[in-house]
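Chain by chain, the residues:
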Amino acid sequence: MSIPFFVISALTVAGGLAAMTLKNTVHCALALSVAFAGIALLFLSLDAQFAGFAQILIYIGAVAILVVFAILLTRGSETPTDGVHSGTWLVGLAIAAAVFAVLGWAVLASAPGLHDEAAAPVVTVRDIGNALMGRYVLPLEIVALLLTAATIGAVIVAMHEKARTK
Amino acid sequence: MAATIDQIWIFFLHWLVGFLPAAWQHAAAVVLCVAAIIAVFCTLFALAVLMERKGLGRMQNRYGPNRVGIFGILQPVADGIKALIKEDVVPFRADAVVHFLAPVVLVVTVFMGYAVLPMGRHMVLVDMDAGLLFFFAMGAATELSVFMAGWSSRNKYSLLGAMRAIAQMISYEVVLLLASIAVVMIAGTLSLPKIVDAQASYSGIFPHWYVFTPWGLAGFLIFVIASTAETNRSPFDLPEGESEIVAGYFTEYSGFKFALFFLGEYVEMLAVAGLGTTLFLGGWSAPLSVLNVLPSWFWFFLKVMLWICFFIWLRGTLPRLRQDQLMNFAWKFALPFTLLNLVVTALWRILGPGWEQWVFCTAILAAAYVFMSLVGFRANRVGPRRYRYAE
C-alpha cells in the first residue's frame, strides 16, 4: 500500500463511478476506458507487465472501441438536454454493488487456498508464453475456435443483410 | 575513437548527472533522457515536414516553401509560431472537455512508444521484457483519441473521418502485429534491444538483418504497407482525404490543437519507422561491417529518415484508394498472407540452417503470392484497360 497505489485506485474507481452515473453514453464509454487504464496501471505496479500491456491493448484498443462503435451505430449517442447524471444511477449503483459483492466474496473465499509467498514471483513474458503453449494449450485453442466461429458468424450475418437489401 | 563517439550521448549523460548528489542521479537521468527524446523527435518532426513540403513540391513541379530563411529552412519555425498565436476556436456545440483531451491523449500515447525503441547501442530508455507489446499497446490507445476528436467535434465530416480512421487502424493493426510476430518467433524475445542484438552480426561484410530472409522480406513488405495505413498516410489517407471530408477527424481543430494533431501524426510516423527499422532493418547496426566506424545512433536515425523519405515519395506518387479496396486488401490479401508467413517462419526455424530452408520458404511464399494475386485479379476483373473513343 503506497501512494501510487492510492492514486491509481482513486483514478480507477472514479472512472468506474463516472461510467455508471453519467448520462451521455459516449462519456460513459470513455470513462470506462479510464477505468481500464487504471486497472492496467495496477497490473504494472504489481510487476505484471504482460497482463498490464494486454489489458491496454485489448480493453482500450479493442473493447472500448467496440463499445463506442456499438453506441454510435445504435443511436444511443444523442446528447441529453438536461443534467449530466443518468436518471437511473440508483439502479446502476445497485447492480454494480451486487457485482462487486459477488466478486469480493469470490476473492475472499479463495484467499485461504493461496499459500503465502515471501517475495513476489518473477514471471517473464517467456514463462507466460510457455505456459500458454504447453500446459494451457487446450483452453487457448478452444478460445481461438470460439472466436473464429464468432467472426465467421458475424460475417455471415452481415452477408445476409447485404443480400436482403438487393 | 569510434567506440567513444558511438557512446558519446551516454558519456554526456553521465557527465551531466555527475554534478548532482547520488540520490537524485537516477531520476535526473530519466528526466534528461525523456527531454532528449522529445527534443530530438520534435526536431525530426520539423525536418520531416520541411522535407515533405520541399519534396512534394519538387514532385509536383513547384518550389515548395522558399521564403523563410535560406531555401525556406525556417518554414517549420514560422508554422509553429503561427499555430501558437492563432485563435483556438472550439465549436459551439462541441463537447469541450473531450475536444480538449483528444490531442493531448494522442501526443502523450504516441511519445510513450519511444520509451522502448533502441536508438543506438545501449541507447534505450526502458529495456522492457515486453517492449514490443508495450509499443503496440500505446499504438492501440491512439485509436481512442482519434475517436474522441471525431466524436466531440459534432461535425459530420469529423465523425466520418474518425469512423474511417478507426476501421482502417483496427484492420491494419492486426496485420502489423502479425508481421512483427514473425520476428519475435525467430528472435525469441519481445525486447526490442535484444531483437537488434540478434541482427547485429555479420557474415563477411554482410549483416544478418531479418529483411534478407524470405520470411523477413515478406514480413517487411507487409509491415511497410500496414504502417503506411496505420499512420493514415497516402495512399491510405482516406480518414483525412481533403477532397472528400475536409480534414477528417481534426476538421474542427484550430491553432495549437491542430498543431498537436499534426505533431502526433508525424511523430507516430517516425515511431513506426523506428519500429520497422528495429524489427527488420537491424536497428542501429551498420549495413556493412566496414561501416561500423560510424556511430550506431547515426545509422538508426539515417534509416528512420530514409523510411520517411520513402513515405513522402509514396505520397507524391500514388492516388488514394477507395474504402472497399482498402478493406479488401487488408482482410483478403494481407491477413492471409501474414498468417502464411507465420507458418513459413515456423518452418524456417524447424528446418534449421542449410539450403533447404531458403529454397522451401522462398518457394512457398512466392507460390502463395502469385496464386493470391491471380485469384485477386480475376475476382476484380483487372486487366489491360481498353479505351473506347467515340466510335
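Cut-offs used in this document
- Residues numbered from 1 in each chain as written.
- Chains lettered and ligands numbered in written order.
- Predicted model: local features only at pLDDT ≥ 70, side-chain atom pairs only at ≥ 80, totals over all residues.
- Helix = DSSP H or I, 4+ residues; strand = E, 2+ residues; numbered from the N terminus.
- Buried ≥ 20, exposed ≤ 12 C-beta atoms within 10 Å, placed from the backbone.
- Contact = placed C-beta atoms within 7 Å.
- Rg over C-alpha atoms; globule rule 2.2 N^0.38 Å.
- pLDDT = per-residue confidence, 0-100.
- Nonpolar A, V, L, I, M, F, W, Y, C, P; charged D, E, K, R; others polar.
- Axes fitted to C-alpha atoms, helices over the stretch in contact; angles between N-to-C directions.
- Parallel < 35°, antiparallel > 145°, perpendicular 65-115°, else oblique.
- Left-handed = near helix turned anticlockwise from the far one by under 90°.
- Core = buried A, V, L, I, M, F, W, Y, C linked by C-beta atoms within 7 Å.
- Expected span 1.5 Å × (residues − 1).
- Bend = angle between axes of the 7 residues up to and from the residue.

Q: Any chance you could explain the overall build of chain A here in plain terms?
A: Along the backbone of chain A there are six helices and zero strands. Each helix and strand of chain A, placed in order from N terminus to C terminus, yields the pattern α-α-α-α-α-α. A burial count over chain A gives 19% of its 166 residues as buried. Counting contacts in chain A only where the partners sit at least 6 residues apart, residues at least 24 apart contribute 62% of the total.

Q: Is there a simple way to think about the overall build of chain B in this case?
A: A tally of regular secondary structure across chain B gives 14 helices and two strands. The C-alpha atoms of chain B give a radius of gyration of 23 Å, which matches the 21 Å a tight globule of 391 residues would have. Out of the 391 residues in chain B, the part that is buried amounts to 41%.

Q: Can you help me understand the confidence of the model for chain A in this one?
A: Detailed reading of predicted coordinates is not advised where the pLDDT is low. For chain A, mean pLDDT is 81; residues scoring 70 or higher make up 81% of the total. Helix H6 (residues 137-165) of chain A is the least confidently modelled element of chain A, averaging 82 in pLDDT, while helix H2 (residues 25-45) of chain A averages 87, the highest of any element.

Q: Would you take a moment to explain the interface of chain A and chain B for this structure?
A: Taken together, the contacts link 15 residues of chain A with 18 residues of chain B. Those elements that place two or more of their residues in the side of chain A that touches chain B are H2 and helix H3 (49-73) of chain A. It is H3 of chain A that provides the largest number of residues to the side of chain A that touches chain B, a total of 10 residues. For the side of chain A that touches chain B, a count of residues per class yields 11 nonpolar, four polar and no charged.

Q: What's the story with the packing of helix H2 (residues 8-17) of chain B against helix H3 (residues 22-59) of chain B in this structure? I'm lost.
A: Packed helix pairs are characterised by how far apart their axes lie and by the angle those axes make with each other. Residue and element names in this part refer to chain B. At a closest axis distance of 10 Å, the pairing of H2 and H3 adopts a crossing angle of 135°. On the basis of their axis angle, the class for H2 and H3 is oblique. Where H2 crosses over H3, the two elements pack in a sense that is right-handed. When H2 is examined against H3, the residues Leu 13, Leu 16 and Val 17 are found in contact with a partner set consisting of Gln 25, Ala 28, Ala 29 and Leu 32. Among the residues making up the contact of H2 with H3, the classes are represented as six nonpolar, one polar and no charged.

Q: Any chance you could explain the nonpolar core here in plain terms?
A: Note on soluble globular proteins: their nonpolar side chains tend to be buried together. Membership of the largest hydrophobic core comes to 120 residues, with the highest contact counts inside it found for Ile 56 of chain A together with Ala 137, Ala 162, Ala 226 and Leu 270 of chain B. Filtering out sequence-adjacent residues up to four positions away, Leu 270 of chain B remains in contact with Phe 41, Leu 44, Phe 45, Ala 48, Val 304 and Ile 308 of chain B.

Q: Even after reading the chapter, I still don't get H2 of chain A, so can you show me in this structure?
A: Along an α-helix, residues three or four positions apart point the same way, because every turn accommodates 3.6 residues. Residues and elements named next belong to chain A. A rise of 1.5 Å per residue sets the reference length of H2, with its 21 residues, at 30 Å; its end C-alpha atoms lie 30 Å apart and thus fit the reference within 8%. Judged by how many residues are buried, H2 sits mostly within the fold: 15 of 21 residues are covered. One or two steps after H2, the chain reaches Asp 47, where phi turns positive at roughly 65°.

Q: What should I look at first to understand the packing of helix H1 (residues 3-21) of chain A against H2 of chain A in this one?
A: Residue and element names in this part refer to chain A. It is at 7 Å that the axes of H1 and H2 come closest, and there the two elements cross at 155°. Here H1 is positioned roughly antiparallel relative to H2, judged by the angle of their axes. As H1 packs across H2, the resulting crossing turns out to be left-handed. Where H1 abuts H2, its residues Pro 4, Phe 5, Ile 8, Leu 11, Thr 12, Gly 15, Gly 16, Ala 18 and Ala 19 lie against Cys 28, Ala 31, Leu 32, Val 34, Ala 35, Gly 38, Ile 39, Leu 41, Leu 42 and Ser 45. Partitioning the contact of H1 with H2 into residue classes produces 14 nonpolar, five polar and no charged.

Q: Looking at this structure, I do not really get the environment of Arg 135 of chain A. What am I missing?
A: Residues and elements named next belong to chain A. Positionally, Arg 135 belongs in the loop between helix H5 (125-133) and H6. For Arg 135, a count of 10 C-beta atoms within 10 Å gives the class exposed. With 27 residues separating them in the primary sequence, Arg 135 and Leu 108 have C-alpha atoms 27 Å apart.

Q: Mind showing me how you'd approach the environment of Gly 15 of chain A here?
A: Residue and element names in this part refer to chain A. Note that Gly 15 resides in helix H1. Separated by 19 residues in the primary sequence, Gly 15 and Val 34 place their C-alpha atoms 5.4 Å from one another. Apart from residues lying up to four places away in sequence, Gly 15 is in contact with Ala 31, Leu 32, Val 34, Ala 35 and Gly 38.

Q: Help me understand the confidence of the model for chain B in this model?
A: In the predicted model, chain B carries a mean pLDDT of 84, and 98% of its residues have values of at least 70. With pTM at 0.84, the complex prediction returns an ipTM value of 0.76.

Q: Would you take a moment to explain helix H5 (residues 96-112) of chain B for this structure?
A: Here H5 of chain B is 17 residues long and its end C-alpha atoms lie 25 Å apart, about the 24 Å a rise of 1.5 Å per residue gives. The principal kink in H5 of chain B, of about 25°, is found at Ala 102 of chain B, preceding the proline Pro 103 of chain B by one to four residues. Looking at H5 of chain B, one finds that the buried residues are Val 98, His 99, Ala 102, Pro 103, Leu 106, Val 107, Thr 109, Val 110 and Phe 111 of chain B. Elements in contact with the buried residues of H5 of chain B: H2 of chain A together with H3, helix H6 (131-152) and helix H11 (255-280) of chain B.

Q: Where do I start with the environment of Ser 296 of chain B in this structure?
A: Residue and element names in this part refer to chain B. Within the secondary structure layout, Ser 296 lies in helix H12 (residues 296-317). What makes Ser 296 buried here is the crowd of 24 C-beta atoms within 10 Å. The sequence separation of Ser 296 and Gly 283 amounts to 13 residues, and the corresponding C-alpha distance is 8.7 Å. Every residue in contact with Ser 296, bar those within four places of it in the chain, is listed here: Asp 6, Gly 120, Arg 121 and Trp 284.

Q: How should unusual backbone geometry be read in this particular structure?
A: All names here are of chain B. We note that His 122 has phi near 60°; this positive angle belongs to a residue other than glycine. When you line up the elements, His 122 lands in the loop between H5 and H6. Within the chain, Arg 154 stands out as a residue other than glycine whose phi angle is a positive 55°.

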